[in-house]
Structure formats: structure tokens, C-alpha cells
Number of protein chains: 4
Amino acid sequence: MTEIRFRSDIDVELVDHLGGDHSIVRAARVSSGTAGTPEKDRGLLNMLARDRHGSPFESVVLQLKVECPIFTAREWFRHRVGSFSETSGRYKVLEPDFYVPSFNRPLRQVGKPGAYSFEKGDYKQVHVARAEHRRMANEAWDSYQFMLGQGIAREVARDALPLNLYTSFLWTVNLRAVMNFLSLRWAHEKSTVPTFPLYEIQQGAMQVEKHAAAVAPTAMEMFNAHGRVAP
Amino acid sequence: MTEIRFRSDIDVELVDHLGGDHSIVRAARVSSGTAGTPEKDRGLLNMLARDRHGSPFESVVLQLKVECPIFTAREWFRHRVGSFSETSGRYKVLEPDFYVPSFNRPLRQVGKPGAYSFEKGDYKQVHVARAEHRRMANEAWDSYQFMLGQGIAREVARDALPLNLYTSFLWTVNLRAVMNFLSLRWAHEKSTVPTFPLYEIQQGAMQVEKHAAAVAPTAMEMFNAHGRVAP
Amino acid sequence: MTEIRFRSDIDVELVDHLGGDHSIVRAARVSSGTAGTPEKDRGLLNMLARDRHGSPFESVVLQLKVECPIFTAREWFRHRVGSFSETSGRYKVLEPDFYVPSFNRPLRQVGKPGAYSFEKGDYKQVHVARAEHRRMANEAWDSYQFMLGQGIAREVARDALPLNLYTSFLWTVNLRAVMNFLSLRWAHEKSTVPTFPLYEIQQGAMQVEKHAAAVAPTAMEMFNAHGRVAP
Amino acid sequence: MTEIRFRSDIDVELVDHLGGDHSIVRAARVSSGTAGTPEKDRGLLNMLARDRHGSPFESVVLQLKVECPIFTAREWFRHRVGSFSETSGRYKVLEPDFYVPSFNRPLRQVGKPGAYSFEKGDYKQVHVARAEHRRMANEAWDSYQFMLGQGIAREVARDALPLNLYTSFLWTVNLRAVMNFLSLRWAHEKSTVPTFPLYEIQQGAMQVEKHAAAVAPTAMEMFNAHGRVAP
């Protein structure tokens, strides 16, 4: 029998991609018909990001493999432009990976509705949060195994599992939609628009940005230069 | 303190809607420019459904309020054409409504991968499934309340809650996307295409169909007459 | 035989709608679970627009009938969130309505690529532009009629018609997508983001905004108060 | 000055792509967690197409460069799942490429509304159709050049150009959306669902299918084996 694993990471891996900075330039030049030099290409990417000509950024596509808790995936899947293939609790027996808040995860919400901020928990809060996440995961995993052992279908037995169970999915998404994701899911110092992302999805967004920057470095530089608003 | 409630229903309420059969007819006549009589309108709706002219069906919009367990909502939210506003575990303390399988819910998966069917559980399986759903819900709710009581943020405390917790959401969706939902989420005897929906989402789909038929009765009649394929 | 008509207007009519300010408030309160007063509702709409909580704005839907030249409709149809039903040149004989630039339509493009502005044409330019639009429309309409008279299919004969032919379509679209349309298609003094819309589509956008403001006045007020960025 | 060119082709070129059959298999196995052999992979692709498990087909992306007349592009752009970057008549002087129906293009529409079929034109009809397409293109091109010569902006001068002017665009689109395009835009003998595509877009669809089959041969084989319905 598989042993329970506790993790605090959000893991994002680049599986495949289509194109890069040159694809955006090529798409834009279909419209304008102009020829380019490296400097002109850079200027073009700058102008596209600055003046919100968004379509050419859709000509780059990333395919990412994500592992994260279900409560984080639930937010991720709200992004409708893009494709998801997720592990199914109907078709396979799930893996016992559970999320436990790390010592860095802020635990206290302070301030009034609409203007919350988060602060670190005190010693007891950290202890309680971590212990309860572990305890409930152990209990729920036993219940899941018990029901499976009784011949109850996977799709019914899994109902008892908690939201901190890890799931994994493949996300195929164009760069413009990635930028929209990053602008909403990372409260970045260069952002001109306020956002209040969940701590865990921001951990994921940081890795998504790293992969996007590897695939289309100049486009991502311009995204940052112009306030991190999706063009 | 609120008492835990156990439920087995999927609840779908019609909150608002735009248009009806006449909107589809009007949209189609923008294309063709022809005038109509009641019989011709009926024939037009028949032809549109039969020959898969889908766009005019997008001119009817339903707004539905849904209450269902999170594991069901997770499938519902995979439908990207449409809008969702869902209860947030970050912004409010959640309500202790939990799903427990009814006596009718099939519990045994039989057959091989790719060709499963479901059968009722025996006496013991029904007892175990219902008891475990209740037991884990009670445990998890206590854990949630305990963490909240320690000053831990709602968005962290809720991680321990199980997938059978109820959520509620508002779904604004056009009739063509509703038909696609129904064709995938209801294994209906009139369907020409195979589908293997989760029991709970099929319960929801049955209610969605009832509301759709109230808003656009002839369109839904033609959807059924032509094999329940979304046009 | 129908006589040729020359027009310079972009005509947008409100055919139907779903909801209004109250729908946005209701959708947002599904998330937060809080109760409201009129002042609180206003504050909520303000906060949603300011902090880019976009989903609730999707719970209002407009259905608009648009008449405009094909070159304008071509830009309009690039907006993928929303539904279109358009007059078909395959299924009906088209109407001889043609666009001619009004005396107010700027005719001269000045400045360098990426930073164009437009100025009014001089006497001769206005004369030439209007005369050529009329002349080519008359020629093309005669050719269309001639081919139809020879028994050539509508879908082939219409190829000869110019881009200033009017088309009409029904547009079913949620308020969030309307705001995105307005932010891109109207170079408004309150906009915080630059945009360089085609003159004719801006004429259309002005009318779309008027209808949106009639349906959801507070939401549109807040859209304007926060820089006309789609939330 | 550029000389007018008359063409009858629809040209589709594969510019780039992401993945292939293996990507679909990989995406499906994220859900099911099963391991594969070449025969099992083939069986999996067969099952996915047959039972309409559509999501995994979205993990393959094609990037195509298309050249076609504007009246054909107008239908192509109705497909909302996918990205377009098109030549702009606002930002560049257009090229004088015009469509003229080939001798094979059916010219006569016979039968009653809703049940049309097309037959070849007689000698005179072919002559008239081809001559009028050329004549109007020449006239319109002269008018366009004349207006440009008077200093009238490109975006105004181009209004006089006819719908048979060629345009070009880059289309970035996943394989599931390609299958939907093919099912609607090619009246194929293996199709189980009726469709009545425009002749010119069917010419384009044939080339799109060729490229899709090069990128994901088994997936496209299964698409054909199961009635050419998009899964």
C-alpha cells in the first residue's frame, strides 16, 4: 500500500511549446507587411505590449504539466482560454499526496472585507494548521481505502477526500492567456492593477512566468515593462 | 453554531433568462431574410437542429442557480462557454452542507476500463458509503471550525474540507452550450452518441433540461427529435 | 428593382437584454454571501470595477441588432466572446445599401507607422472619396444584378460587391465582453489605455455604450470611473 | 505599379505545430494513469474519437498560413476557438490579388431553400462569372489606386475593393477545433452529419485536413473512422 506523502510545493513543468518571440513578430507582420531587423523586432514587441495589440501573442503556445492541491486547481480551471487534461478520480485510484502549509505560508487574514492582507501565523497557529492538514488527510485516506476495499466505486469513495489532495493536469495555453493568468495570479511589484491572489496559485504563477520567459524572453520583458497587463 | 446538514439532491433553479423560441427564429431570419408563420417557424427550428445550424441557438440565454457537491461542480466548470459566479471559501465562512449518496446512487463499477457500467451496492456497501460520508464530514467540519477558532484564515482552514461539501454558483449560459452540456452529461435513451456521465451531474442535467424546455420548448423538442446532439 | 441607398450611419438597436446592475450584485454576493443596501450595492459595483473582479459583469447580457458596412463588421466579428447571426449572401439576395464617408469622416492619415493620427480631408479629397464610393457601388450593384439575371448563384455573384456594402447582424454578448469591446473600439478621453479604433467602429461603440448604460447604469458609471478597462 | 493577379486557389501552408498523436495519448493518460504500448495507444485514440472524449485532442496545435478571398475568410473567422492574425487594410497597401471562379466552380443553385444543391454553369454563365469578376476587380483596383494617389487614407480607399480580394492570415488552432472546422466545412462522404459548405472554404478544408493528417495521422484516421464528428 502506498504511503501518504505531505508536500507544500506547487510544481509546474514545461512539456512542450510552439514558437517564441519570432512567432509573435511573424504574426504581427502578417498584418503590417513590413520587414524587420533584430532592433525593429524588439521595437515591434515593445509597441504591441504597450498599445495592447493582443492577437499576435496568441501565436505562441505553452504546454505545462502542473501538480497542485485541488483547491488551487479549482482557481486555475476558471481560466477558460486554454485546454486542461486532468487526473480523474473516476478512472483511476488517486495517489496519496496531500498539501500541508509550509512555515512561510501566511495564516492570518487581517483588515476588513475588500481590503484584506495576510500575515504569518504565530507558533500555535502554524502548529495547528499543519497538524490538522495532516490529521484530516490521514483520516480521509483511510476512509477512501476502506470504501475501495468494500468494493465501492472510486468515483464515490473519493468524495471523502479533502481539498488539499494533490491533482495533476496538462495545460495547453497561448501566451496572451498566460499573461492574463499572470496579471491576476501574481501580486507583482511591477503590476499597475491590484490583485489579491491565493498564496498557492501565486507560487504556481511564478513558475509559469519562468517557463514563459524561457520560451519568449523579449515578449515577457515587454509584459513587465508595461505594467504586467495582458495586451 | 450551525448544524451539519446532509443532502443527496442536486438543485437547479432558473433565476432569469433572455428570449425563447422566437429569439432563435429571429436570429435565423437575420441570415435568410424570409418571413414566417407559426408552422414555418416550427419547420425552421426543426431544420436548424437537424442540419446543425448552431449559431441561432446562442441567442437564448439561461441564468441558473446551482447547488451541488464540489466534486460535481468540478465537472460542471469544465464547460468553458458560459459564465460562473461561485461561493468563495476565501471570502466567506462556508455552510456545513454535505452530500451523502442516496439509496438509489449506484455504488459498484463493473466491467473493464472504457466500458464500465454501474450497479446498486449491496446492503453493506450502502451502509458503509453513507456512514463514511457522514463520519468524514463531521470530522472535517470540526477541524474547519477548530482552525477558524484559532484565528487561521478561512482560505487555509477550508483545505481540510472534503469534496462532498456543497457549493453554489450562478451559471449564465446560452442554449447551444446548454445542449452541449446535456448531450455530454445525460446518458439519455434518445442520444445517438454514447456518454458516461457521473450520476450526480446527470441529476443536475435533468433539471437543466426542464428549465431549458420551459424557456424554449420547440427548440428542446427538436434537440430531442434529432438525437440530442448540440447543433 | 430596388434602388441603391447611400448611408453614412452605423446603427445599433437594443433588441433584448438579461438583467442589469442587480444581476451583477447578485452574482458577486453568491461569492461573498454578504447582504446589501443600495449604498452597499453601489460600493460593491465600484470595488468590482476597480479591482478587476470581472466574472460578475458576465451575468448581464445584451442582444443588439447592428447595421454597418462589411469592413466594419469584419473588425466587430474579431470579438470571440459573444454570438453573431449575420445576413447571408448565400441564402438571400442582398439589399443595395452602401456606405459613403460623411463630411465628418477624417480622410488623411498623418504621422509615422505606429503613431498615426487622422485629419479631415480637403475639398477635393472629400469629393473624390464620396464620388468613388458611390461610383463603385453603382458599378458593382449592376454587375451583381447582371450575374443574378444570368442564373449565377447568389454566393458567386456577391463576390463582386465591395466592402462598403452594409450587412446586418444580431449580437448577443455579456457586459464584460461589451466593456472589452468599448475599451478597444472607442478612443475615449477617460481611457487609461491607448487605442486607435477605426472611425466607423467607434461610431458603433458609442451607440453600444448608450445601450449598455441604459441596461446597467451604475456598472457603466464605474467602468468610466476606473479608466474604461474591462474588469 | 503592381500588376493585378487573378487566382482561383485557396492556399493553406503549415507554418509550425505543437505535438502529434503522442500528445493526445499523453494528455489522456494524465486522466487515466495507465501505461501504454503502440497497440494500446492506437486503441486509446480510437476510443477517444468514438466516445467523444474531446479534451485530449486540444493538446495538439497547428499554425497555418492561409491565403483566400475575403468572402471565404469571413466564414473562416466565425470559428471562435483559435487565433487569427490577418493582413490589415489599415496598416498596409493591399496587394492586387483577386479571386476568379475556376471552370470547376459550380455556378447554379438548384432546389428549394434549405435543400439546395449546386451544378456547373453553362458556357455563358462561366464566361459571364469570370469576366465580371475580372472587370470589377480591375475597376475597383483603379479606384483604390486613384484614391490613394489623392492622399486618401488606406482604410477609406479600401472600402471600394470587392469581396473577391485575397487576404492572408495566420491561424493558430488546436486539433479539436480543426476537427470541428472540418466537420462543418467539408461535405465529405464519410460524414454522418449533413453540411452544406461554401465551395471555396471546402477547398481550404481539404488542405487543412492534409496538414492535420501529417501532424497527427492516427487521430485523423480515427476522426474519419467515426463519422467525422468533432469529439
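All of these numbers come straight from a predicted model, not from anything done at the bench. (Residues numbered from 1 in each chain as written. Chains lettered and ligands numbered in written order. Predicted model: local features only at pLDDT ≥ 70, side-chain atom pairs only at ≥ 80, totals over all residues. Heavy atoms only, no water.)

A. Molecular detail of the packing of aromatic side chains. Tallying each qualifying case throughout the model produces 48 aromatic pairs over all chains. With a centroid separation of 4.0 Å and an interplanar angle of 20°, the aromatic rings of A:Phe77 and A:Phe84 are classed as stacked. Members of the aromatic cluster, each reached through a chain of ring pairs, are A:Trp76, A:Phe77, A:Phe84, A:Phe169, A:Trp171 and A:Phe181. Between B:Arg130 and the ring centre of B:Phe103, over which it is positioned, the NZ or CZ distance is 4.2 Å. (Phe/Tyr/Trp six-rings, centres within 6.5 Å; stacked < 30°, edge-to-face > 60°. Lys NZ or Arg CZ within 6 Å of the ring centre and 35° of its normal.)

B. Quick peek at the pairing of strand β4 (residues 83-86) of chain C. Residues and elements named next belong to chain C. Judged by which residues are buried, β4 turns out to be covered on both faces: Ser83 and Ser85 on one side and Phe84 and Glu86 on the other are all buried. As paired elements, β4 and strand β8 (residues 166-174) share four bridges and run antiparallel to each other. Bridge assignment links Ser85 to a residue of β8, and that residue is Leu170. (Buried < 20%, exposed > 50% of the residue type's maximum accessible area, 1.4 Å probe, protein only. Helix = DSSP H or I, 4+ residues; strand = E, 2+ residues; numbered from the N terminus. Pairing = 2+ DSSP bridges.)

C. Layout of the relation of the copies chain B and chain A. For the pair chain B and chain A, the superposition axis carries a translation of 0.0 Å, the fit reaches an RMSD of 0.0 Å, and the rotation angle comes to 180°. Seen this way, the second copy is the image of the first under a two-fold rotation axis. In terms of C-alpha distance to the rotation axis, chain B has B:Pro162 as its closest residue, with the C-alpha 1.9 Å off the axis. With an isologous cut-off of 70% or more, the 100% of interface residues of chain B that recur at the interface of chain A puts this contact in the isologous class. (Least-squares fit on C-alpha atoms with pLDDT ≥ 70 in both. Contact = heavy atoms within 4.5 Å.)

D. Spotlight on the side chain of A:His79. Here A:His79 shows up in the loop between α3 (70-76) and β4 (83-86). Of note is the side chain of A:His79, whose polar atom sits 3.0 Å from the side chain of A:Arg185. (Polar contact = N/O pair within 3.5 Å; in protein donor to acceptor, adjacent residues only side chain to side chain.)

E. Representation of the side chain of B:Glu58 within the structure. Within the secondary structure, B:Glu58 is located in the loop between α2 (38-50) and β3 (61-69). In this structure the side chain of B:Glu58 is engaged in a polar contact, spanning 2.7 Å, whose partner is the side chain of D:Arg80. Sequence-distant contacts of B:Glu58, defined by excluding residues within four places in its chain, comprise B:Asn174, B:Arg176, C:Gly82, C:Ser83, C:Thr172 and D:Arg80.

F. Structural view of the packing of helix α7 (residues 199-215) of chain D against helix α8 (residues 217-225) of chain D. Residue and element names in this part refer to chain D. Close contact between α7 and α8 brings their axes to 5 Å; oriented N to C, the two are set at 125°. If you check the angle between α7 and α8, you find them oblique. Every residue of α8 that contacts α7 at Glu209, Ala212, Ala213, Ala214 and Val215 is listed here: Pro217, Met220, Phe223 and Asn224. Here the residues of the contact of α7 with α8 sort into seven nonpolar, one polar and one charged. (Axes fitted to C-alpha atoms, helices over the stretch in contact; angles between N-to-C directions. Parallel < 35°, antiparallel > 145°, perpendicular 65-115°, else oblique. Nonpolar A, V, L, I, M, F, W, Y, C, P; charged D, E, K, R; others polar.)

G. Spotlight on the sheet that holds strand β2 (residues 11-18) of chain A. All names here are of chain A. If you trace the four strands from one edge of the open sheet to the other, you get β2-β3-β8-β4, paired in antiparallel fashion. Both outer strands of the open sheet, β2 and β4, are each paired with one neighbouring strand and no more. This sheet shows a mean twist of 20° between the axes of neighbouring strands, independent of strand direction. Note: β2 against strand β3 (residues 61-69), seven bridges, orientation antiparallel. Counted as the bridge partner of Val12 is Val66 from β3. Strands in contact with helix α6 (residues 175-185) are β3 and β8 (166-174); relative to β8, the strand with the most contacts, it is inclined by about 125°.

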